[in-house]
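Overview (structure and organization)
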Amino acid sequence: MRSGNGESHAKIILIGEHSVVYEQPAIALPLSKVKTKVHIKESNEGRQILHSRYFDGELLRSPASLSGIKHLINYILDAHSVANSSFVMTITSDLPAERGMGSSAAAAIAVVRALYAYFGWHLTHSKLLQLANIAEKDIHGNPSGLDAATSASSQPVWMIKNKELFTLPLKLNACLLICDSGIKGRTGEAVASVKKRMEIDPETTQTLIDRLGKLAFAARTQIANDDSLGLGKTFNLAQAQLATLGVSNKQLDELIKTSLALGALGSKLTGGGRGGCFISLVKNQKTANKIAQQLRKKGVTETWIQPLGNH
């Protein structure tokens, strides 16, 4: 029996959320330990079955929440004239949904890889990103492409929408503590509010966006120079801009303040905001563990620690 596998991983935006939509730079980090996996096996039932945490059943009956993945699968099958293939697809994921970790992009990348492996087709990196974007457009309307690019990469990614996309070497003598605030992020709502703000008050909003862009350039230099203290300050400045932009919330602000009081070098929200995750730059693994322990007492539901280099 024919089978195929595809894999991808979570992503965290280090800096540049929201401003990346307005052609400012962003830096995102792949979290290789937090995985999404897709397994496809042949079936002789004459149906296409999908197993996932949201739905179990025939693909054609999948709910609206899976419309992006359904569209992506059908698009690929139609393009290769194998629309009537019969298989069982199982999607398993460690990524929490609606937490700014790129769960939809990770699913799309893994689905494309699994389908191409299953049918034995050749897949280039640019084709992979182009196909993943089909699902991302359905879900997010006007995605920057950053999530998909990072879910498909083993290296941190620097991106300016429609202009630059390349990997950045990351050898920083520090750790990143990623914390789930326990509140669902509201990316769509946050993106819409920034767009509305841009229409109502373009001058002030553009100034905030431009400042976030400058901070992304500063972060790139600090990463290149192994300047973790400087990067921590940049995180704090970025959080201040994001809060002014209206995409933070009271709970995130409080948790971020607590992380700084506990010894983080800098902290900010990551992803769409209004909930979801926040990140703290810390000196080392020991400090990260200590801060994580204290933050859990304050309502943080899950934490991940990512070393930021080969130190």
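Residues numbered from 1 in each chain as written. Predicted model: local features only at pLDDT ≥ 70, side-chain atom pairs only at ≥ 80, totals over all residues. Heavy atoms only, no water.

This part takes up helix H7 (residues 228–245). If you check H7, its first and last C-alpha atoms are 25 Å apart, about what 18 residues at 1.5 Å a residue would give, namely 26 Å. Along H7, the residues that are buried comprise Ser228, Gly230, Leu231, Gly232, Thr234, Phe235, Ala238, Gln239, Gln241, Leu242 and Leu245. Looking one or two residues beyond H7, the residue adopting positive phi is Gly246, at roughly 90 degrees. (Helix = DSSP H or I, 4+ residues; strand = E, 2+ residues; numbered from the N terminus. Expected span 1.5 Å × (residues − 1). Buried < 20%, exposed > 50% of the residue type's maximum accessible area, 1.4 Å probe, protein only.)

Quick look at the pattern of salt bridges now. Once the charged atoms of two side chains with opposite charge are near each other, the side chains can pair. Evaluation of the coordinates by the stated rule reveals nine salt bridges. Where Glu189 meets Arg274, a salt bridge forms, and the shortest distance between an N and an O atom there is 2.8 Å. Of this pair, Glu189 sits in helix H5 (residues 187–200) while Arg274 sits in the loop between strand S9 (266–270) and strand S10 (277–282); the two residues are 85 residues apart in sequence, bridging distant segments of the chain. Salt bridges here are not isolated pairs; linked through shared partners, they connect Glu45, Arg47, Glu58 and Arg61. (Salt bridge = Lys/Arg side-chain N within 4 Å of Asp/Glu carboxyl O.)

Assigned domains within the protein chain: domain 1 (3–167) and domain 2 (175–307). Contacts between the two partners involve 23 residues from domain 1 and, on the opposite side, 38 residues from domain 2. For the domain 1 and domain 2 pair, buried surface summed over both sides reaches about 2,600 Å², with 67% attributable to carbon and sulfur atoms. In this assembly, domain 1 and domain 2 are joined by one salt bridge. The salt bridge involving Lys268 is made with Glu17; its shortest N-O contact spans 2.7 Å. At the boundary of domain 1 and domain 2, one finds six residue pairs in polar contact (both at pLDDT 80 or more). Secondary-structure elements contributing two or more residues to the side of domain 1 that touches domain 2 are strand S1 (3–15), strand S2 (26–42) and strand S6 (157–160). If one sorts the elements of the side of domain 1 that touches domain 2 by residue count, S2 sits on top with five residues. (Domains from an automatic or database assignment. Contact = heavy atoms within 4.5 Å. Buried area = accessible area lost by both parts, 1.4 Å probe. Polar contact = N/O pair within 3.5 Å; in protein donor to acceptor, adjacent residues only side chain to side chain.)

Before going further, it helps to spend a moment on the nonpolar core. Counting 57 residues, the largest nonpolar core has Leu176 and Leu281 as the members making the most contacts within it. Element by element, the count of residues in this core is highest for helix H6 (residues 202–224), at seven residues. Residue assignment places this core across two domains, with domain 1 (3–167) and domain 2 (175–307) each supplying three or more. Setting aside its immediate chain neighbours within four residues, Leu176 contacts Ile12, Leu14, Leu29, Phe235, Ile279, Ser280, Leu281, Trp304, Ile305, Gln306 and Leu308. With 42 residues, the next largest nonpolar core counts Val20, Ala108, Phe119 and Leu131 among its residues. (Core = buried A, V, L, I, M, F, W, Y, C linked by side-chain atoms within 4.5 Å.)

Looking down a regular strand, the side chains alternate between one sheet face and the other. Among the six residues in strand S8 (residues 175–180), six count as buried, and that is most of the element. Because side chains alternate across S8, one face comprises the buried residues Cys175, Leu177 and Cys179, and the other comprises Leu176, Ile178 and Asp180, equally buried. In the sheet, S8 pairs with S10 via six bridges, with the strands oriented antiparallel. Across the sheet, residue Ile178 finds its bridge partner in S10, namely Ile279. (Pairing = 2+ DSSP bridges.)

Secondary-structure assignment places Lys161 in the loop between S6 and strand S7 (164–167). No salt bridge is formed by the buried Lys161; its nearest oppositely charged neighbour, Glu23, is found at 6.4 Å. When sequence neighbours within four positions are dropped, the list of residues in contact with Lys161 reads Val20, Val21, Glu23, Asn142, Pro143 and Ser144. (Lys, Arg positive; Asp, Glu negative; His and termini not counted.)

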